[in-house]
Amino acid sequence: MPTSRSAMITGVTGQDGSYLAELLLSKGYQVHGMVRRSSAFNTSRIDHLHMGGKANPNFFLHYGDLADAGSLRDILDLAQPDEIYNLGGQSHVRVSFDQPEYTMEVNGTAVLRFLEALRFHLKHGGKAARFYQAGSSEMFGRAKPPQNEGTRFEPRSPYAVAKVAAHHEVVNYRESYGLFLCNGILFNHESPRRGENFVTRKITRAAARIKLGLEHRLTLGNLEPRRDWGFAGDYVEAMWRMLQQEEPDDYVIATGVSNSIRGFLDLAFATVGLDWHEFVDTDPRFLRPSEVDDIEGDASKARDLLGWKPTMDFASLVEMMVEADLELARTEIRTEG
Ligand code: NAP
Ligand code: F7E
């Protein structure tokens, strides 16, 4: 087991970054997380790792931003990472239609910026680092399921277009400069730490709060799309495995099972003993100008080459998220007295 390897994570304050930081620390890595400046605290998902009596001495945070080349170079210089996980980004597909240029900047151009920073780092005597890029099943867009590494990209949003650009940047730098760079093509993955404006968490949070009387209605957009939902904790393990291989490559990570938003609603509300039809409204403001209707991944390559498979099925994932949101709602009720 490695004891002195160093890793750099962008997006460490996000859902995946927090699980990945825990995983790498548990393996003995020194972990350097990049945090962007915010007017309010944005570290709630990682506070248990760097604050108070249980602060991990191998966990370091640095201010930086994917839009700022200097901060990327500085952190590379300081951390001398063996592995880099580029998880930072504007991750909301609907929002990418409102902020297309910014999304391309942070999800697409910033990857090029980072790869150039890495080349600069190497040219100036820095340690050679392996690099993971957070690609997405959204890149497949309207390509027919099941989608795998050979499926054509048919992106349907500014988010997906930017991720496709990043994917090709990584392949191009790998082929041109012989760097160890991997694209993970991850299908939707969720957890109690999922942002509250993604559909899964929006539903589990509302189911819990409606059950406990804190809210009365839930308003959603399109209930028909199908997604291949897995557990984020399983997916960060796959990221790590990609960087432990002899050769760099690209991998689809998915459960191979898809469900509709309706299916998610069925299970989430059943967990609290309610029928969602009585509480859910739909509103066109949550619709997207173009939708990805059907997504289901074929992760056989990851199973065969990485020995990776998901540990949590759809029903257990939904139940875990609802239970966590019930606990949060109960705490809120106790605190407010
Ligand atoms: P998330 O919870 O939204 O986290 C995104 C992270 O990126 C946050 O730490 C955020 O910082 C940071 N960030 C945003 N803009 C940045 C910038 N300009 N510079 C530096 N950091 C910035 O997303 P996630 O679910 O963990 O996903 C991680 C990555 O995987 C993202 O790139 C996402 O697009 C991709 N992905 C996610 C899924 C999924 O289903 N979760 C699937 C495929 C791919 P703040 O905390 O300050 O906002
Ligand atoms: O939408 C529908 C919506 O925003 C899922 C990101 O992590 O996974 C995520 O992207 C589906 C879509 O996730 C609401 O139209 C209905 O069909 O939870 P979502 P996403 O767009 O699949 C991919 C793999 C990523 O890479 C992304 O970073 O649910 N939907 N009603 C709704 N979606 C939202 N957010 N809110 C609604 O009210």
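Not measured: the values here are computed from a predicted model.

### Looking at the pattern of salt bridges
Next, step 1: Enumeration over the complete set of coordinates arrives at 25 salt bridges.
Next, step 2: Residues Arg 194 and Glu 190 are paired through a salt bridge, measuring 2.7 Å at the closest nitrogen-oxygen approach.
Next, step 3: When its relative accessible area of 14% is taken as the criterion, Arg 194 is described as buried.
Next, step 4: Glu 190 gets classed as buried once you look at its relative accessible area, which sits at 1%.
Next, step 5: The closest approach of N and O atoms between Arg 330 and Glu 327, which form a salt bridge, is 3.3 Å. One end of the pair, Arg 330, and the other, Glu 327, are both in helix α11 (residues 314–336), 3 residues apart, so they sit about a helical turn from each other.
Next, step 6: Given the relative accessible area of 35%, Arg 330 is considered partly exposed.
Next, step 7: Several salt bridges converge on common partners, so that one network encompasses Glu 196, Arg 201, Arg 205, Arg 209, Glu 215, Asp 325 and Glu 332.

### Describing the site of ligand 2
Next, step 1: Close to ligand 2 lie 23 residues, the nearest being Ser 91, Ser 136, Tyr 159, Arg 288 and Glu 291.
Next, step 2: One of the backbone nitrogen or oxygen atoms of Val 199 is found 2.8 Å away from an oxygen atom of ligand 2.
Next, step 3: Contact with the protein chains hides 95% of the accessible area of ligand 2, taken as 700 Å² for the molecule alone.
Next, step 4: Split into classes, the residues belonging to the shell around ligand 2 amount to 9 nonpolar, 8 polar and 6 charged.

### Let's talk about the domain arrangement of the protein
Next, step 1: Here the protein is described as being made up of domain 1 (6–191 + 229–253) and domain 2 (199–225 + 258–297 + 314–336).
Next, step 2: Each of domain 1 and domain 2 has a C-alpha centre, and these two points are 28 Å apart.
Next, step 3: Every contact between the two is made by 19 residues of domain 1 and, on the other side, 22 residues of domain 2.
Next, step 4: Summing both sides of the interface, domain 1 and domain 2 together bury roughly 1700 Å²; the carbon and sulfur share of this comes to 64%.
Next, step 5: It is Arg 94, Arg 156 and Trp 229 that lose the most area in domain 1 upon contact with domain 2, and together they represent 40% of the buried surface on that side.
Next, step 6: Counting the contacts that link domain 1 with domain 2 gives 0 salt bridges.
Next, step 7: Counting across the interface, domain 1 meets domain 2 through 6 residue pairs in polar contact (both at pLDDT 80 or more).
Next, step 8: Contributing elements (two or more residues each) for the side of domain 1 that touches domain 2: α4 (93–98) and β10 (230–231).

### Observations regarding the nonpolar core
Next, step 1: One finds Tyr 85, Ile 253 and Phe 269 to be the most contacted residues of the largest nonpolar core, which totals 72 residues.
Next, step 2: Ranked by residues supplied to this core, first place goes to helix α8 (residues 232–242) with 7 residues.
Next, step 3: Residues from two domains meet in this core; each of domain 1 (6–191 + 229–253) and domain 2 (199–225 + 258–297 + 314–336) gives at least three.
Next, step 4: Membership of the second largest hydrophobic core comes to 21 residues, among which are Leu 118, Phe 131, Ala 166 and Tyr 173.

### Side note on the pairing of strand β5 (residues 130–136)
Consecutive side chains of a regular strand alternate in pointing toward one face of the sheet and then the other.
Next, step 1: Among the 7 residues of β5, 6 are classified as buried, and the element is accordingly described as predominantly covered.
Next, step 2: In this structure, strand β4 (residues 83–86) lies alongside β5, joined through 4 bridges in parallel fashion. The partner of Ile 84 across the bridge, within β5, is Phe 131.
Next, step 3: Chirality of the crossover, the property in question, places the unit of β5, helix α6 (residues 158–177) and strand β6 (residues 181–186) among those that are right-handed.

### Structural notes on the site of ligand 1
Next, step 1: Every one of the 25 residues lining ligand 1 counts as a neighbour, but Thr 13, Asp 16, Asp 65, Ser 91 and Tyr 159 are closest to it.
Next, step 2: Taking Asn 42, its side chain carries an N or O atom lying 3.0 Å from an oxygen atom of ligand 1.
Next, step 3: Between ligand 1 and Asp 65 there is a distance of 2.8 Å, counted from a nitrogen atom to a side-chain nitrogen or oxygen.
Next, step 4: Looking at the shell around ligand 1, the elements that each hand over two or more residues are α1 (15–26), α5 (100–123), β5 and α6.
Next, step 5: Per-element tally for the shell around ligand 1: the top contributor is β5, with 3 residues.

### Comments concerning the environment of Leu 223
Next, step 1: Turning to its location among the elements, Leu 223 is positioned in the loop between β8 (218–220) and β9 (226–227).
Next, step 2: Sequence separation of Leu 223 and Phe 153 is 70 residues, and the distance between their C-alpha atoms is 24 Å.
Next, step 3: Not counting the four nearest positions on each side in its chain, Leu 223 is found in contact with Ser 260, Ile 261, Arg 262, Leu 265, Trp 276 and Thr 282.

### Brief notes about the packing of α1 against α8
Next, step 1: Between α1 and α8, the least distance of the axes is 9 Å, while the angle of their chain directions is 60 degrees. Handedness of the crossing formed by α1 with α8: right-handed. Within the contact between the two elements, α1 uses Gln 15, Asp 16, Tyr 19, Leu 20, Leu 23 and Leu 24 and α8 uses Ala 232, Gly 233, Val 236, Glu 237, Met 239 and Trp 240.
Next, step 2: Looking at side-chain class alone, the contact of α1 with α8 contains 8 nonpolar, 2 polar and 2 charged residues.

### What to know about the side chain of His 189
Next, step 1: Tracing the backbone through its elements, the reader meets His 189 in strand β7 (residues 189–190).
Next, step 2: At a separation of 2.8 Å, a polar atom in the side chain of His 189 contacts the main-chain carbonyl oxygen of Phe 187.
Next, step 3: Each residue touching His 189, except ones within four places of it in the same chain, is listed here: Gln 15, Asp 16, Arg 194, Gly 230, Phe 231, Ala 232 and Tyr 235.

Thresholds, definitions, all that
Residues numbered from 1 in each chain as written. Chains lettered and ligands numbered in written order. Predicted model: local features only at pLDDT ≥ 70, side-chain atom pairs only at ≥ 80, totals over all residues. Heavy atoms only, no water. Salt bridge = Lys/Arg side-chain N within 4 Å of Asp/Glu carboxyl O. Buried < 20%, exposed > 50% of the residue type's maximum accessible area, 1.4 Å probe, protein only. Helix = DSSP H or I, 4+ residues; strand = E, 2+ residues; numbered from the N terminus. Near = heavy atom within 4 Å. Polar contact = N/O pair within 3.5 Å; in protein donor to acceptor, adjacent residues only side chain to side chain. Areas by Shrake-Rupley, 256 points an atom, 1.4 Å probe, with all protein chains shown as cover. Nonpolar A, V, L, I, M, F, W, Y, C, P; charged D, E, K, R; others polar. Domains from an automatic or database assignment. Contact = heavy atoms within 4.5 Å. Buried area = accessible area lost by both parts, 1.4 Å probe. Core = buried A, V, L, I, M, F, W, Y, C linked by side-chain atoms within 4.5 Å. Pairing = 2+ DSSP bridges. Right-handed = clockwise from strand over helix to strand, strands pointing away. Axes fitted to C-alpha atoms, helices over the stretch in contact; angles between N-to-C directions. Left-handed = near helix turned anticlockwise from the far one by under 90°.

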